[in-house]
Amino acid sequence: MLKQAFQSVKRAVTTSANAAKEKVDCVVIGAGVVGIAIARELALKGREVLVLDSAPTFGTGTSSRNSEVIHAGIYYPQNSLKAMFCVRGRELLYKYCSEHEVPHKQIGKLIVATGPLEIPKLNKLLKCGTQNGVDGLRMLEGFEAMKMEPELQCVKALLSPASGIVDSHSLMLSLVGEAENRRTTFSYNTTVIGGHHQGNCMHLYVSESKNVGNWNGQSSLQSELILIPRFVVNSAGLSALALAKRFVGLKSSVIPPAYYARGCYFTLANTKVSPFKHLIYPIPEDGGLGVHVTLDLDGQVKFGPDVEWIDGIDDICSFMNKYSFFSLLILFSVIYDLLHGLYSRFDYSVNVNRAERFYPEIRKYYPKLSDGALEPGYAGIRPKLSGPGQPPVDFVIQGEESHGVPGLVNLFGIESPGLTSSIAIAEYIAARFLR
Ligand SMILES: Cc1cc2nc3c(=O)[nH]c(=O)nc-3n(C[C@H](O)[C@H](O)[C@H](O)COP(=O)(O)OP(=O)(O)OC[C@H]3O[C@@H](n4cnc5c(N)ncnc54)[C@H](O)[C@@H]3O)c2cc1C
């Protein structure tokens, strides 16, 4: 097995070395909402930007598999990147949506305590949100909240008037259009399979996604092009950590461990009128914000996401560490990832049986939910930097000062509130790292 892998490495290296080379200004890897917002920001700063995405179009990953909630900034520790980007990002997002006619609505949210034991947690959230600068937070008695939402059952609730919903596809479409109008090129079906650091620049190995998909592991994998950008942002979402491991020259010590948590949604069947006008959230659970009620702009009611920890490619790391062939590890991981179908390994199916766990969770705050009312919706996967039972970890944004590679910015663990934060993250990256 190991011998085979080394032979494969040799083949892949040879092929990469023969590929054509091209110098470019800025490359953004990943056309999710964060990558697109960064591309737009760089373009607004007058830079020439190339966005590469392995999928056939933009926003097919986590950016189209979330709750589409504009978060206020309540949950995150004071001074964390999540808190700062969420609060700033929310302001920028509402402004952007209003100015560019992106459908959105500031419908407000109720975080509910369904028993007396949860009240201290609600008080903590109020304190945290207030410290983060979230305006308008107000603690409500149960009867006040239930007057606002007659289907709700709770003993206390935290009202967050700043929370809202956004049509994430329209948002991405608008950002893409703006970026394209300012000399940004989007190249889809284009996979960055690895890279190395040489001199002052990153060299990115680029391949057509269909060649990656069709590769049988026996012949050479064609890296058709080596791009040499002055500035590169690794915004590859769920694959950002795996990709960074395939950047030869990037110290493995700067790459945090990856964890993945799938979240499934169920929709309310046969319901024309939503039982709720606000977003309704329970107290957060380990790994997520709890199975909440989200409304989309068409009035459809969604419940979710739950938290299901799933295996990821970190199994590969532990295997590699065991053998400690350090110089070949990164290239070995390229081969391993590709052999194991890196680009199709995320399972977005919703298991109908998971509904059984949803009913009791939802009925804690929505007791009238009838049997059989839930239908499978969709699923998303959180790119997490902490595992089950571990405290939540902040977004990680690494520039040269963290990893020593000039012109490279890595974005790791951009889970919720990444959608809300997207424009603020872009603003920060341009201000902090652009040379
Ligand atoms: C269940 C769930 C619910 C959420 N709810 C909310 C919410 O309500 N509000 C909120 O603010 N946030 C929410 N989030 C978080 C938010 O959705 C994400 O933070 C955000 O979408 C991340 O965007 P991204 O651009 O970083 O990643 P992605 O959208 O995953 O984009 C990454 C892109 O990189 C591409 N790519 C990957 N590897 C390569 C490669 N090697 N070469 C080229 N391209 C590559 C992929 O094809 C993909 O298009 C939620 C997340 C989840 C999972």
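Here the structure is shown first, and the text comes after it.
Residues numbered from 1 in each chain as written. Predicted model: local features only at pLDDT ≥ 70, side-chain atom pairs only at ≥ 80, totals over all residues. Heavy atoms only, no water.

1. Overview of helix 13 (residues 418–433)
Turning to step 1, where the next piece is worked out: Between its first and last C-alpha atoms helix 13 spans 19 Å; for 16 residues at 1.5 Å apiece the expected length is 22 Å, and the helix comes up short by more than 12%.
Turning to step 2, where the next piece is worked out: A bend of about 35° at Ala-424 is the largest found in helix 13.
Turning to step 3, where the next piece is worked out: All of the buried residues in helix 13 are Gly-418, Leu-419, Thr-420, Ser-421, Ser-422, Ile-423, Ala-424, Ile-425, Ala-426, Ile-429, Ala-430 and Phe-433. (Helix = DSSP H or I, 4+ residues; strand = E, 2+ residues; numbered from the N terminus. Expected span 1.5 Å × (residues − 1). Bend = angle between axes of the 7 residues up to and from the residue. Buried < 20%, exposed > 50% of the residue type's maximum accessible area, 1.4 Å probe, protein only.)

2. So, the side chain of Ser-209
Turning to step 1, where the next piece is worked out: For Ser-209, the position within the fold is in helix 7 (residues 209–214).
Turning to step 2, where the next piece is worked out: The class of Ser-209 is buried, set by a relative accessible area of 15%.
Turning to step 3, where the next piece is worked out: Here the side chain of Ser-209 touches Thr-190 through a polar contact of 3.3 Å, landing on its backbone nitrogen.
Turning to step 4, where the next piece is worked out: Apart from the residues within four sequence positions on either side, Ser-209 is in contact with Ser-54, Asn-189, Thr-190 and Thr-191. (Polar contact = N/O pair within 3.5 Å; in protein donor to acceptor, adjacent residues only side chain to side chain. Contact = heavy atoms within 4.5 Å.)

3. Re the pattern of salt bridges
Turning to step 1, where the next piece is worked out: Taken as a whole and assessed by the stated rule, the structure comprises 22 salt bridges.
Turning to step 2, where the next piece is worked out: A salt bridge links Glu-68 to Lys-302, with the nearest nitrogen and oxygen atoms 3.8 Å apart. With Glu-68 in the loop between strand 2 (49–52) and strand 3 (69–70) and Lys-302 in strand 17 (residues 301–304), this pair connects stretches of sequence that are 234 residues apart.
Turning to step 3, where the next piece is worked out: Residue Lys-302 is classed as buried on the basis of its relative accessible area, which comes to 3%.
Turning to step 4, where the next piece is worked out: Through salt bridges with shared partners, a single network forms among Arg-262, Asp-306, Glu-308, Asp-347 and Arg-354. (Salt bridge = Lys/Arg side-chain N within 4 Å of Asp/Glu carboxyl O.)

4. Some details on helix 11 (residues 355–363)
Turning to step 1, where the next piece is worked out: Regarding helix 11, the residues found buried are Ala-355, Phe-358, Tyr-359 and Ile-362. The buried residues of helix 11 all sit within an arc of 105° when viewed along its axis, so they share a single face. Residues Glu-356 and Arg-357 are exposed on helix 11 and point more than 90 degrees away from its buried face.
Turning to step 2, where the next piece is worked out: Here the buried face of helix 11 lies against strand 14 (259–268), strand 17 and strand 19 (374–384). (Arc of directions from axis to C-beta.)

5. Examining the pairing of strand 9 (residues 184–187)
Looking down a regular strand, the side chains alternate between one sheet face and the other.
Turning to step 1, where the next piece is worked out: The two faces of strand 9 differ: Thr-184 and Phe-186 on one face are buried, but Thr-185 and Ser-187 on the other face are not.
Turning to step 2, where the next piece is worked out: In the sheet, strand 2 pairs with strand 9 via 4 bridges, with the strands oriented parallel. Along strand 9, the bridge assignment pairs Val-51 with Phe-186. (Pairing = 2+ DSSP bridges.)

Taken by themselves, the reported measurements are silent on function.
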